[in-house]
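Examination of the molecular architecture
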Amino acid sequence: MPEETSTLRLPPLSTGGSAPLYQQIVEAIRREVASGRMPPGSPMPSFRTFAAQLAVSLITVKRAYEELERDGIILRHQGLGTFVAPDGERRSRGDRRIAAVHALRSAVRAGRDAGLKDRELLDILERELAGSPQPADQTSGE
Amino acid sequence: MSTAVDLKHVCTRFGREFSLGPLNLSVPRGSIYALIGPNGAGKSTTLNLLMGAKRPEMGTIELLGLPFPAQDAAIKQRIGFVSPELDYSAWRTVGRAIDFVRSFYPDWVQSRTERLQMLLDIHRTQRIAELSFGQRTKLALIMALSRECELLILDEPTIGLDPVSKRVIFIELLRFMENESRTVLISSHQLSDVERIADHVALLNHGTLLTASPIDELLERYRWVELAARESQAAVIQGTTVLERGEGRERLLLDLRVTTPQMLLERGLDIISSTPMSLEELFLTLIRADDARRPWRPR
């Protein structure tokens, strides 16, 4: 549409895809930020504007923004709007760490769904950690 | 947050077979709110009550904070309707119908009418009698979306629309929602569309409200659970509804607000799988579970 001039372009989102819509938005924005196309400080569209651009519900965009905020990719400033965080690029590129956080998050969800208690989940994690010792030569970070 | 539509204890009857209510429904401003349910559940009847096409036998209705129908005239200026029953054929052509309707509304935005006509491929010279069902719906949507109203009430607005037009309409509805004091109340059978654009959903069955909630909360609340069945113990556990049984398996709808998978395990039940559901699957399951609780009635 002619009056839509935004720097943020995302690939099409699909319902019934492998990931829920909000997660597809999170991934797409993370890729934009990681690639440097959305440098730190870039304004994000308001979620109402963005919902209209993507043709998805307000609740979906709100949820995607909440997740990105939680991961430190974007920042909300009361009354000013939402921006790419100063270290958003690094955080979004630290893909492996975030991927691990997400994998653990869904493991927790799966555990709860399976009826495991928190104690049992921790036991499993400890066993996994013990069973896969950290290589001595590998330092953390990149 | 204030409410755009507020129904309190509303009841009405339709013929001998169908009764609606008592219905309590509260639609918050700033949201797209979807009314879903099988045919004959009471969706259109509810919307007809809000359009004044039908009067409740009991209960009160408030629209945009004003009592309805007492403040009918003031309310109608601030609301737009789309219904398959709207008929503009008396004006012969699209152009004359648009000009006529526009004359009633000072909040009409002609540039938007023209943009929508272009996007939806509807022309002023077209004869209304020759429009297809989908084209008539498009015309009604153009009329409703050309105004700066505060509340849009849409009865099955996407029936007969091709995917391109449907997408145009969704984007227009979401653009309409960029002003956060606005509200859209929509009834639809197209549940994947509802899942995509609606914020809240209310599920009706046989004239009663089964559930009303933000759509993400609704989807997170239920799980489809498969158990290895020995004796059937799950039937008596609160928060579960047995859907199927057989081949050593038992399939349940689990309401996580009442019972968690952990509580099933503590009772010695063996969970094979526990999966979230799409809105469509959840809809089918909740309706089936509700029907099973009722004495048999013809649909």
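Right above here is the structure, for reference.
Note that the structure is predicted; figures quoted are calculated from it, not measured.

On to the overall build of chain B, then. A tally of regular secondary structure across chain B gives ten helices and 14 strands. Across the 299 residues that make up chain B, the buried fraction comes to 52%. Residue pairs in contact within chain B that sit at least 24 positions apart in sequence constitute 69% of those at least 6 positions apart. Accessible surface, chain B: about 13,800 Å² in total, of which carbon and sulfur atoms supply 51%.

What follows covers the nonpolar core. Grouped together as the largest cluster of nonpolar side chains are 82 residues, with contacts concentrated most on I25, I29 and F50 of chain A together with I36, L152 and V184 of chain B. In contact with I25 of chain A, other than residues within four places in its own chain, are L10, L13, F50, L54, V56, T60, V61 and A64 of chain A. Of all hydrophobic cores here, the second largest spans 28 residues; its members include L7, L23, L35 and L204 of chain B.

Residues and elements named next belong to chain B. Taken together, four strands build an open sheet; the order of strands is 12-13-11-14 and the sheet is antiparallel. The open sheet is flanked by strand 12 (240-246) and strand 14 (270-275), the only strands paired with a single partner. With direction set aside, neighbouring strand axes in the sheet form an average angle of 25°. As defined by bridge partners, strand 12 adjoins strand 13 (residues 249-255) across six bridges and the pair is classed as antiparallel. The residue bridging T241 from the neighbouring strand is L253, located in strand 13. Packing of helix 10 (residues 279-293) onto the sheet brings it into contact with strand 11 (222-228), strand 12 and strand 13, and relative to strand 12 it is tilted by some 90°.

Residues and elements named next belong to chain A. A cluster of nonpolar side chains, L104, L122, L125 and L129, forms an exposed patch at the surface whose accessible area comes to about 360 Å². By residue number, the principal contributor to the nonpolar patch is helix 6 (residues 118-131), which donates three residues. The topology assignment puts L125 in helix 6.

Below, the discussion takes up unusual backbone geometry. Residues and elements named next belong to chain B. Of the consecutive residues G21 and P22, the connecting peptide bond is found in the cis state with omega at 5°. Examined against the element boundaries, P22 turns out to sit in strand 2 (residues 18-28). Here the residue pair F68 and P69 is connected by a cis peptide bond, since its omega of 10° sits within 30 degrees of zero. Secondary-structure assignment places P69 in the loop between strand 5 (66-68) and helix 2 (72-76). Even without being a glycine, H9 presents a positive backbone phi close to 55°. Within the secondary structure, H9 is located in strand 1 (residues 3-14). For H9, a relative accessible area of 41% puts it in the partly exposed group. Of note, the phi angle at H206 is positive, near 45°, even though the residue is not glycine. Here H206 lies in the loop between strand 9 (200-205) and strand 10 (208-214).

Moving on, we get to the pattern of salt bridges. Within the structure shown, the criterion is met by 33 salt bridges over all chains. A salt bridge links D113 of chain A to R223 of chain B, with the nearest nitrogen and oxygen atoms 3.2 Å apart. Taken together, the positions of D113 of chain A in helix 5 (residues 95-113) and R223 of chain B in strand 11 put the pair across two chains. You can call D113 of chain A buried: its relative accessible area is 13%. Take R223 of chain B: its relative accessible area is 8%, and that puts it in the buried class. Among the ionic pairs, R115 of chain B bridges to E172 of chain B, the shortest N-O distance being 2.9 Å.

The next subject is the sheet that holds strand 9 of chain B. Residues and elements named next belong to chain B. Read from one edge to the other, the open sheet built from six strands follows the order 6-7-8-3-9-10, with strand pairing classed as mixed. Each of the sheet's edge strands pairs with one partner strand only, and the pair in question is strand 6 (79-82) and strand 10. Each strand axis lies, on average, 15° off the axis of its neighbour in the sheet, ignoring direction. Here strand 7 (residues 151-155) runs beside strand 8 (residues 183-187); their pairing, made up of five bridges, is parallel. Pairing of L151 across the sheet is with T183, part of strand 8. Along the sheet, helix 1 (residues 43-51) makes contact with strand 3 (32-36), strand 6, strand 7, strand 8 and strand 9, crossing strand 7 at roughly 140°.

With respect to the helices and strands, K138 of chain B occurs in helix 5 (residues 133-145). Ignoring sequence-local partners within four residues, the contact set of K138 of chain B consists of L120, I122, L161, D162 and S165 of chain B.

Reading guide: rules and limits
- Residues numbered from 1 in each chain as written.
- Chains lettered and ligands numbered in written order.
- Predicted model: local features only at pLDDT ≥ 70, side-chain atom pairs only at ≥ 80, totals over all residues.
- Heavy atoms only, no water.
- Helix = DSSP H or I, 4+ residues; strand = E, 2+ residues; numbered from the N terminus.
- Buried < 20%, exposed > 50% of the residue type's maximum accessible area, 1.4 Å probe, protein only.
- Contact = heavy atoms within 4.5 Å.
- Areas by Shrake-Rupley, 256 points an atom, 1.4 Å probe, with all protein chains shown as cover.
- Core = buried A, V, L, I, M, F, W, Y, C linked by side-chain atoms within 4.5 Å.
- Pairing = 2+ DSSP bridges.
- Axes fitted to C-alpha atoms, helices over the stretch in contact; angles between N-to-C directions.
- Patch = residues over 30% accessible without salt bridge, like charges linked within 9 Å, V, L, I, M, F, W, Y side chains within 5 Å.
- Salt bridge = Lys/Arg side-chain N within 4 Å of Asp/Glu carboxyl O.

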